[in-house]
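Chains, contacts and geometry: an overview
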Amino acid sequence: PVFSAAQDAVLDRLSDIIIPSDEQSPGAHEAGVHKYLDLAASISPQRYEAWSRGIDAVGTAAHSQFSRAFMECTREQQEQIVEQMARNEGEPVNEIERFFTSLKPAVVDGYRYSEIGVREFMRWEGNKFDVSAWKGACTHPEHQA
C-alpha cells in the first residue's frame with residue numbers, strides 16, 4: 001500500500017459516500033474500492049501526489065468547518081464536505097475540487113471492476129455460450145478429410 005492507514009480510511013469513506021450501499025447493491029466500501037485506489041496511485045506518482053494533497057485538503061476542510069478530523073466528523077458532515085468537493089465538478093477552482101474530479105471516476109472504475117460491481121450491480125454471470133446448434137464438426141466438404 002502507498003497510502004497510510006489514515007489516508008486509506010479517508011479514501012474508503014469518500015468512496016462510500018460517492019457510491020453508497022442501497023437496496024439495489026452494496027456500495028464502494030463493501031466492494032473494497034479503496035484497494036483499487038491504492039493500486040491506481042501506486043502506479044502513478046503524479047496521481048499519488050495529487051490524491052495526497054486532496055486528502056490533506058479534505059482534512060483541512062473538516063478542521064476549518066467542524067473543528068475535527070474528517071474521520072471524526074459525522075456522516076452528514078462528511079457528506080457536506082463531499083458536496084463542496086463536487087460543487088464545481090466541471091471546472092474545479094481549488095485543490096479539494098480538483099481532487100474530486102480525479103477521484104470520482106477512479107471510484108466508479110474501482111467499483112465497476114470489483115467482484116461486487118461486476119456480479120451484483122451489473123448482474124454479470126460469466127460468459128455463457130449456446131452450443132446446442134453445434135454439430136460437432138465442420139460441414140464444409142473440403143474440411144472433411
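Quantities reported herein were computed from a predicted structural model and do not represent experimental measurements. (Residues numbered from 1 in each chain as written. Predicted model: local features only at pLDDT ≥ 70, side-chain atom pairs only at ≥ 80, totals over all residues. Heavy atoms only, no water.)

**Section: the overall build of the protein chain**
On a plain count of helices and strands, the protein chain comes out with seven helices and zero strands. Taken across its 145 residues, the protein chain has 37% of its residues classed as buried. Across the protein chain, the fraction of contacts at a sequence separation of at least 24, relative to all contacts at a separation of at least 6, is 59%. (Helix = DSSP H or I, 4+ residues; strand = E, 2+ residues; numbered from the N terminus. Buried < 20%, exposed > 50% of the residue type's maximum accessible area, 1.4 Å probe, protein only. Contact = heavy atoms within 4.5 Å.)

**Points about unusual backbone geometry**
Phi is positive for Ser-67, close to 55°, though the residue is something other than glycine. Along the chain, the position of Ser-67 falls in the loop between helix 4 (45–66) and helix 5 (75–86). Residue Ser-67 is classed as exposed on the basis of its relative accessible area, which comes to 64%.

**Digging into helix 6 (residues 95–113)**
Across its 19 residues, helix 6 extends 27 Å between first and last C-alpha, which sits within 8% of the 27 Å expected from 1.5 Å per residue. Taken as a whole, helix 6 has its buried residues at Ile-96, Glu-97, Phe-99, Phe-100, Leu-103, Ala-106, Val-107, Gly-110 and Tyr-111. (Expected span 1.5 Å × (residues − 1).)

**Section: the packing of helix 5 against helix 6**
Between two packed helices, what matters for the description is the angle formed by their axes and the separation of those axes. Two elements in contact, helix 5 and helix 6, have axes separated by 7 Å at closest approach and are oriented at 90°. Compared by their axis directions, helix 5 and helix 6 come out roughly perpendicular. Listed contacts from helix 6 to Ile-81, Val-82, Gln-84, Met-85 and Ala-86 of helix 5 are Ile-96, Glu-97, Phe-99 and Phe-100. Of the residues in the contact of helix 5 with helix 6, the class split is seven nonpolar, one polar and one charged. (Axes fitted to C-alpha atoms, helices over the stretch in contact; angles between N-to-C directions. Parallel < 35°, antiparallel > 145°, perpendicular 65-115°, else oblique. Nonpolar A, V, L, I, M, F, W, Y, C, P; charged D, E, K, R; others polar.)

**Remarks on helix 5**
In this model, helix 5 (12 residues) spans 16 Å end to end at C-alpha, consistent with the 16 Å of a helix rising 1.5 Å per residue. Of the residues making up helix 5, those classed as buried are Gln-77, Gln-78, Ile-81, Val-82, Gln-84 and Met-85. What you see down the axis of helix 5 is that its buried residues fit within an arc of 155°, all on one side. In helix 5, the exposed residues that point more than 90 degrees away from the buried face are Glu-76 and Glu-83. Looking at the buried side of helix 5, the elements it contacts are helix 1 (5–18), helix 4 and helix 6. (Arc of directions from axis to C-beta.)

**Thoughts on the side chain of Gln-77**
As for its position among the elements, Gln-77 is in helix 5. On the accessibility criterion, Gln-77 (16% relative accessible area) is buried. Within the local environment of Gln-77, its side chain forms a polar contact with the backbone nitrogen of Thr-74, the two atoms lying 2.9 Å apart. With sequence-adjacent residues up to four places away left out, Gln-77 is seen in contact with Phe-66 and Arg-68. (Polar contact = N/O pair within 3.5 Å; in protein donor to acceptor, adjacent residues only side chain to side chain.)

**Concerning the pattern of salt bridges**
Any two side chains of opposite charge can pair, given that their charged atoms come close. Scanning the model with the defined rule gives six salt bridges in all. As a salt-bridge pair, Arg-98 and Glu-95 come within 3.7 Å of each other at their nearest N and O atoms. Linking Arg-98 with Glu-95, this pair stays in helix 6, spanning three residues, or about one helical turn. Assessed through its relative accessible area of 41%, Arg-98 is described here as partly exposed. Glu-95 gets classed as partly exposed once you look at its relative accessible area, which sits at 24%. The shortest N-O distance in the salt bridge between Asp-109 and Arg-112 comes to 2.8 Å. Taken together, the positions of Asp-109 and Arg-112, both in helix 6 and three residues apart, correspond to about one turn of that helix. A residue is classified by how much of its surface remains accessible, and Asp-109, at 25% relative accessible area, is partly exposed. One network of salt bridges, in which partners are shared, links Asp-16, Arg-75 and Glu-79. (Salt bridge = Lys/Arg side-chain N within 4 Å of Asp/Glu carboxyl O.)

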